Amino acid sequence: MLIRMMQSGEQTALLPLVLDLWPDAGDYQFADDLKLVAEAAGAIAGFAFVTIRPFSNACVEAPCPHLEGWYVAPDHRRRGIGRALVAACEDWCRAQGFSELGSDVLLDNRASLEAHGRLGFEPVERVQYFRKGL
Ligand SMILES: CC(C)(COP(=O)(O)OP(=O)(O)OC[C@H]1O[C@@H](n2cnc3c(N)ncnc32)[C@H](O)[C@@H]1OP(=O)(O)O)[C@@H](O)C(=O)NCCC(=O)NCCS
């Protein structure tokens, strides 16, 4: 397994994985500040994207890095790839001078909630989004 920066020209190869995580993201711009991929058996097995947000409800510092996307293909899960991706994100964030990494998870995503906990993320707050059509 290799964790490395996503290379220019890999958008097409990554898009199916992005769409598995975010089915509505067909026009994903890959504009995140850090785009890491995991390579396993010669194929892209997962990714982690981080942006530097002006602020995040998850963090004390502002600005702060936020884990925007974290995904490992089903056949590759539970083998440490997700952990390795997040560890590489943490290294990058530390190198940028940050001391926190934020993230968010839908409350029904039990696997991700559990995995965040195993990786040392601490729950901060729960939010209900609302929408009113105008
Ligand atoms: C969340 C996800 C990225 C984890 O990737 P992964 O490669 O399976 O993770 P790892 O194998 O590195 O596991 C990391 C830790 O989480 C735990 N973990 C992973 N999946 C788990 C699950 N389904 N249930 C319970 N614990 C789990 C592992 O046991 C491990 O802890 P440990 O090292 O202390 O044993 C992967 O399950 C995934 O892509 N899920 C679908 C997309 C998603 O929900 N992404 C997150 C959106 S917020």
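Definitions and cut-offs
Residues numbered from 1 in each chain as written. Predicted model: local features only at pLDDT ≥ 70, side-chain atom pairs only at ≥ 80, totals over all residues. Heavy atoms only, no water. Buried < 20%, exposed > 50% of the residue type's maximum accessible area, 1.4 Å probe, protein only. Helix = DSSP H or I, 4+ residues; strand = E, 2+ residues; numbered from the N terminus. Pairing = 2+ DSSP bridges. Near = heavy atom within 4 Å. Polar contact = N/O pair within 3.5 Å; in protein donor to acceptor, adjacent residues only side chain to side chain. Areas by Shrake-Rupley, 256 points an atom, 1.4 Å probe, with all protein chains shown as cover.

This paragraph deals with the pairing of strand S4 (residues 64-72). Looking along a regular strand, one sees the side chains alternate between the two faces of the sheet. Burial of S4 is extensive: 8 of the 9 residues sit out of reach of the surface. Strand direction decides the pairing type here: strand S3 (residues 43-53) and S4, joined by 8 bridges, are antiparallel. Paired with Thr51 across the bridge in S4 is His66. As paired elements, S4 and strand S5 (residues 102-103) share 2 bridges and run parallel to each other. The partner of Leu67 across the bridge, within S5, is Ser103.

This paragraph deals with the site of the ligand. By nearness alone, 20 residues border the ligand, and Trp70, Val72, Gly82, Arg83 and Asn109 come closest of all. Side-chain polar atom of Arg77 to an oxygen atom of the ligand: 3.5 Å apart, as the coordinates give it. Here the ligand loses 78% of its free accessible area of 910 Å² to cover by the protein chains. Elements with a contribution of two residues or more to the shell around the ligand: S4, helix H2 (81-95) and helix H3 (110-118). Element by element, the count of residues in the shell around the ligand is highest for H3, at 5 residues.

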